[in-house]
Structures are given as structure tokens and as C-alpha cells.
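For reference, the chains in residue letters:
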Amino acid sequence: MSYPPLGCLPSQITLHGILQKQEGCITFMNEVASQMNVRLKLILGTLERTLPNATFAYLNSYDLLLDVVQNPTKFGKTINLVRSWFCQKVMICTRFNVL
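Residues numbered from 1 in each chain as written. Predicted model: local features only at pLDDT ≥ 70, side-chain atom pairs only at ≥ 80, totals over all residues. Heavy atoms only, no water.

### Quick word on the nonpolar core
Cys8, Ala33, Tyr62, Leu66 and Val69 together form the largest nonpolar core, which totals five residues. Ranked by the residues each element gives to this core, the list is headed by helix H3 (residues 61-70), at three residues. Non-local contacts of Ala33, meaning those with residues more than four positions away in its chain, are made with Tyr3, Pro4, Leu6 and Tyr62. (Core = buried A, V, L, I, M, F, W, Y, C linked by side-chain atoms within 4.5 Å. Buried < 20%, exposed > 50% of the residue type's maximum accessible area, 1.4 Å probe, protein only. Helix = DSSP H or I, 4+ residues; strand = E, 2+ residues; numbered from the N terminus. Contact = heavy atoms within 4.5 Å.)

### A few points about the state of the cysteines
A covalent bond between the sulfur atoms of two cysteines is what we call a disulfide. Applying the stated rule across the entire model yields one disulfide. Shown here is the disulfide that connects Cys8 with Cys25, its sulfur atoms set 2.1 Å apart. Because the torsion about its S-S bond is 110°, the bridge between Cys8 and Cys25 counts as right-handed. Taken as a pair, Cys8 in the segment before helix H1 (10-20) and Cys25 in the loop between H1 and helix H2 (27-50) lie far apart in primary sequence, 17 residues in all. (Disulfide = S-S within 2.5 Å.)

In C-alpha cells:
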């Protein structure tokens, strides 16, 4: 499984958004997660070559979760439901969380 869009987590939006006076997902954190996913794919390729009898799978959760956050109505959700889901999963939510 890939790294998710870390910059969209309520904890990161709260911590970095207030400091940077930014609303929405924190871009640089999402870029870091995206770069880590590139490296993860390279590592999986190396493992597949090193361990030919093993099977590895890469699940791109980054793009899926980012799409849900950026286009909640596409999935029949409102931004409030998406925010609520992230808050429940992360358990760090404040009144400053903005997606």
C-alpha cells in the first residue's frame, strides 16, 4: 500500500495550515508522500527480482484518497462527510481543520 496524501490529514492541516495561513491540503507534505511512493515502487521491483518466488503488490491509495478529498461529490459525499471520515481515522481534529 502506498503512502496516503499526508498533507490532507487533519492533523497536518491543523499544524501546518495555521502556521502557513493556508487552507486545504498541505502541498509540500503531499509531494513528500508522492516521492516516497516512487521509491516504494522501486523497492518492490528490487524485492521481486531478489525473491522470484514471492509476490508483491502495490496499491495506489494516494491517488484514490486525494481524489476523494478533492472531489467528494464524485463519490456521493459532501466535504463535511469527508472531513468527518478523516477525523475519525486520525483522531486528531480541532475546529481549525479545513479540507
